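Architecture and fold: a report
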Amino acid sequence: MKVKFTNLYKLVPEKKKINKKINYLIKNSKFVGGENVKNFEKNFSKYIGSNYCVGVGNGTDALEIAVKSLKLKKNSEIIVPNNTWISTAEAVLNNGYRVVFCDINLNDYTICTKSLEKKISKKTSAIIAVHLYGNPADMSKIKKLVRGKKIKIIEDCAQAHGTKIKNKHVGTFGDVGTFSFFPGKNLGAFGDGGAIVTNSKKIFEYCFRSRNHGALKKYDHIFSGRNSRLDTIQSAILDIKLKSYEKKVFKKRNELAKRYFKNLDTIKQIKLFNLIKSNKSCFHQFVIRTDNRNNLKKYLEKKGIDTMIHYPYMLNELEFFKNKKKLKNSYKLGSKILSLPISEEHSFKDIDYISNSIINFFKK
Ligand SMILES: Cc1ncc(COP(=O)(O)O)c(C=O)c1O
């Protein structure tokens, strides 16, 4: 039996409807801006429960623009979790701020609030909480830690479409939230795409102009921005996919994750996510941890099962980051974690096959 990690073609729902829409947009030369972009922004902010949404070119730009919109103190520090995609840290550096890496917790791999408490200093101007793998970071604790301090919160929700804390969507707890619609994400476009969500009119107005050279309309530039628009075709595709997202994607991934938990719960040699019941993960990744990771990965490969590693390095291990302080939980974590296949196109049969293969590996 073969189990692919993802099959992007299979993940495209309603292919006829999407093809028809793309043909219509091409025939009518609708490529940039217009009502399709506006509609998606409106529907996405409704889905998230935010007052505003700004579509942008990708999740990296969403982070960079979001950080910029906060107009933080020059040379100040922004705290970033050590286990995340590089964009989270790039958004800090590319805006001229200093990155301070913070440890993660080993229950859900999001920011460790004990480590965060120690990292907050007079120089801290913001924290980027990453809802990694689709697991929600502890937003109420993070908000408590910054209470009464001039510290902003950015939520990196690139992997967290549909993730909720007590029924409230992530991205709405801090000052501003960012999303990626990279094709492999739970809600993916047919190319790059991203969005910024916020309840603040001021932040919205900055981001809205910033993605379009500082202008609301042609030649109305009031500051130096950039070109980072979510294009018309991507917006239209995302709008179609959003309609069935909860039913087709979110629900299915939760069912498959439940099956993994049930199947793998008793294997002592691996650690599974330990999640809070009242929260909802969108299970962008299903990550397990084991000291025998490399051999397990090879064994699964022989069984025809694709796996991945998110991520094989921690950011403070990269050569060009000067901050080399050892962080206990994330230290060499990249050699222990393994992402198992999980997507709406996988079946219970796939999950059982993967689980049984893991069980057999540890029986040997
Ligand atoms: C946590 C996280 N932040 C930011 C990004 C950047 O998104 P994009 O690839 O759309 O620029 C990603 C994408 O992989 C991500 O996983």
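Residues numbered from 1 in each chain as written. Predicted model: local features only at pLDDT ≥ 70, side-chain atom pairs only at ≥ 80, totals over all residues. Heavy atoms only, no water.

Here we look at the domain arrangement of the chain
The following threshold applies: A domain assignment, automatic or from a database, supplies the domain bounds used here. Whether two residues are in contact is decided by their heavy atoms, any of which lying within 4.5 Å being enough. As used here, buried area is the combined drop in accessible area, with a 1.4 Å probe, of two parts when they are placed together. Any Lys or Arg side-chain nitrogen found within 4 Å of a carboxyl oxygen on Asp or Glu counts as a salt bridge. Pairs of N or O atoms are called polar contacts if they sit within 3.5 Å, as long as, within protein, a hydrogen donor faces a hydrogen acceptor (for residues adjacent in sequence, only side-chain-to-side-chain pairs). Here a strand is any run of E in DSSP of at least two residues, a helix any run of H or I of at least four, and the numbering for each starts at the N terminus.
Each domain of the chain was delimited in the assignment, giving domain 1 (15-243) and domain 2 (245-363). Each of domain 1 and domain 2 has a C-alpha centre, and the two are 25 Å apart. The partner domain 2 presents 37 residues to the 41 residues of domain 1 that form the contact. Approximately 3,300 Å² of surface area, both sides summed, lies buried where domain 1 meets domain 2, with 55% of it carried by carbon and sulfur atoms. Our enumeration of links across domain 1 and domain 2 arrives at one salt bridge. The partner of Glu246 in a salt bridge is Lys164, and the shortest N-O contact between them spans 3.2 Å. Applying the counting rule to domain 1 against domain 2 returns 29 residue pairs in polar contact (both at pLDDT 80 or more). Elements that contribute at least two residues to the side of domain 1 that touches domain 2 include exactly helix H4 (87-93), strand S3 (98-102), strand S6 (164-165) and helix H8 (232-243). At four residues, the largest contribution of residues to the side of domain 1 that touches domain 2 is made by S3.

A closer look at the site of the ligand
Note the threshold: Throughout, the term near means that a residue has one or more heavy atoms lying within 4 Å of the molecule or strand in question. Per-residue accessibility takes into account occlusion by the displayed protein chains alone, with areas from the Shrake-Rupley method and a 1.4 Å probe.
Close contacts around the ligand come from 16 residues, with Gly59, Thr60, Asp156, Ser180 and Lys185 the closest. Within the backbone of Gly59, an N or O atom sits 2.7 Å from an oxygen atom of the ligand. Here an oxygen atom of the ligand and a side-chain polar atom of Lys185 are 2.7 Å apart. About the coverage of the ligand: the protein hides 91% of its 390 Å² of free accessible area. Secondary structure elements with two or more residues in the shell around the ligand: helix H3 (59-69) and H4. Element by element, the count of residues in the shell around the ligand is highest for H3, at three residues.

Looking at helix H2 (residues 35-48)
Stated formally: Multiplying 1.5 Å by the residue count of a helix minus one yields the expected span of that helix. Residue burial is assigned from relative accessible area. The probe radius is 1.4 Å, only protein chains are included, and a residue is buried under 20% of its type maximum, exposed over 50%, and partly exposed in between. Read the arc as the range of directions from the helix axis to the C-beta atoms.
For H2, which comprises 14 residues, the first-to-last C-alpha distance of 20 Å matches the rise-based estimate of 20 Å (1.5 Å per residue) to within 8%. Asn36, Val37, Phe40, Glu41, Phe44, Ser45 and Ile48 are the residues of H2 that are buried. Summarising the axial view, the buried residues of H2 lie within an arc of 155°, below the 170-degree limit, and thus occupy one face. Of the residues in H2, the exposed ones pointing more than 90 degrees away from the buried face are Glu35, Lys38, Lys42 and Lys46. Where H2 terminates, the next one or two residues include Gly49, which has phi positive at roughly 85°.

A closer look at unusual backbone geometry
Across the junction of His310 and Tyr311, the peptide omega takes the value 10°, indicating a cis bond. Looking at where Tyr311 falls in the secondary structure, it is placed in the loop between helix H10 (293-302) and strand S12 (337-340). Backbone geometry places Tyr133, a non-glycine residue, at a positive phi of 65°. With respect to the helices, strands and loops of the structure, Tyr133 is situated in the loop between strand S4 (124-130) and helix H6 (139-146). With a phi close to 65°, Tyr219 is a non-glycine residue in the positive phi region. Within the secondary structure, Tyr219 is located in the loop between helix H7 (201-210) and H8. Accessibility expressed as a relative area gives 68% for Tyr219, which makes it exposed.

Topic: the packing of aromatic side chains
We apply this condition: The rule is short: rings of Phe, Tyr and Trp, with Trp giving its six-membered ring, pair when the centres are within 6.5 Å, and they are stacked under 30 degrees, edge-to-face over 60, tilted in between. For a ring to carry a charge above it, either NZ of a lysine or CZ of an arginine must fall within 6 Å of the ring centroid while also lying within 35 degrees of the normal to the ring plane.
Tallying each qualifying case throughout the model produces 23 aromatic pairs. Summarising the aromatic geometry, the rings of Tyr299 and Phe361 are spaced 5.3 Å apart at their centres and angled 50° between planes, so their arrangement reads as tilted. Pair noted here: Tyr299 is in helix H10 and Phe361 is in helix H11 (residues 348-363), with a separation of 62 residues, a long-range link. Given the relative accessible area of 16%, Tyr299 is considered buried. Site record: aromatic cluster; members linked through ring pairs are Tyr109, Tyr133, Tyr260, Phe261, Phe273, Phe283 and Phe286. The ring of Phe250 has Lys164 lying over it, and the distance from NZ or CZ to the ring centre is 4.3 Å. One residue, Lys168, lies across the ring of Phe173, its end atom 5.0 Å from the ring centre.

A closer look at the nonpolar core
Convention followed: Buried Ala, Val, Leu, Ile, Met, Phe, Trp, Tyr and Cys residues form a nonpolar core when they are joined through side-chain atoms within 4.5 Å.
The biggest cluster of nonpolar side chains holds 65 residues, and the ones touching the most others in it are Ile78, Tyr109, Ile128, Phe286, Ile288, Leu340 and Ile358. Composition of this core by domain shows at least three residues from each of domain 1 (15-243) and domain 2 (245-363). Dropping the residues within four chain positions of it, Phe286 is found in contact with Ala257, Tyr260, Phe261, Leu272, Phe273, Leu338, Ser339, Leu340 and Ile342. By size, the runner-up hydrophobic cluster in this structure holds 37 residues, among which are Phe44, Val146, Val170 and Phe181.

What about helix H9 (residues 245-264)?
For H9, with 20 residues, the first-to-last C-alpha span of 27 Å sits near the 28 Å given by 1.5 Å per residue. Within the span of H9, buried status applies to Tyr245, Val249, Phe250, Arg253, Asn254, Leu256, Ala257, Tyr260, Asn263 and Leu264.

Here's the deal with the sheet that holds strand S2 (residues 77-81)
For clarity, the threshold we go by: Two strands qualify as a pair provided that DSSP identifies no fewer than 2 bridges between them. Interaxial angle, 0 to 180 degrees, is taken between N-to-C directions of lines fitted to C-alpha atoms, where a helix line uses only the stretch in contact.
With respect to topology, seven strands assemble into an open sheet ordered S1-S9-S8-S5-S4-S2-S3, the strand pairing being mixed. The outermost strands of the open sheet, each flanked by one partner alone, are strand S1 (52-56) and S3. Averaged over all pairs of adjacent strands, the angle between strand axes in this sheet comes to 20°, irrespective of strand direction. In the packing of H2 onto the sheet, the strands contacted are S1, strand S8 (176-180) and strand S9 (194-198), and the crossing angle to S1 comes to about 125°.

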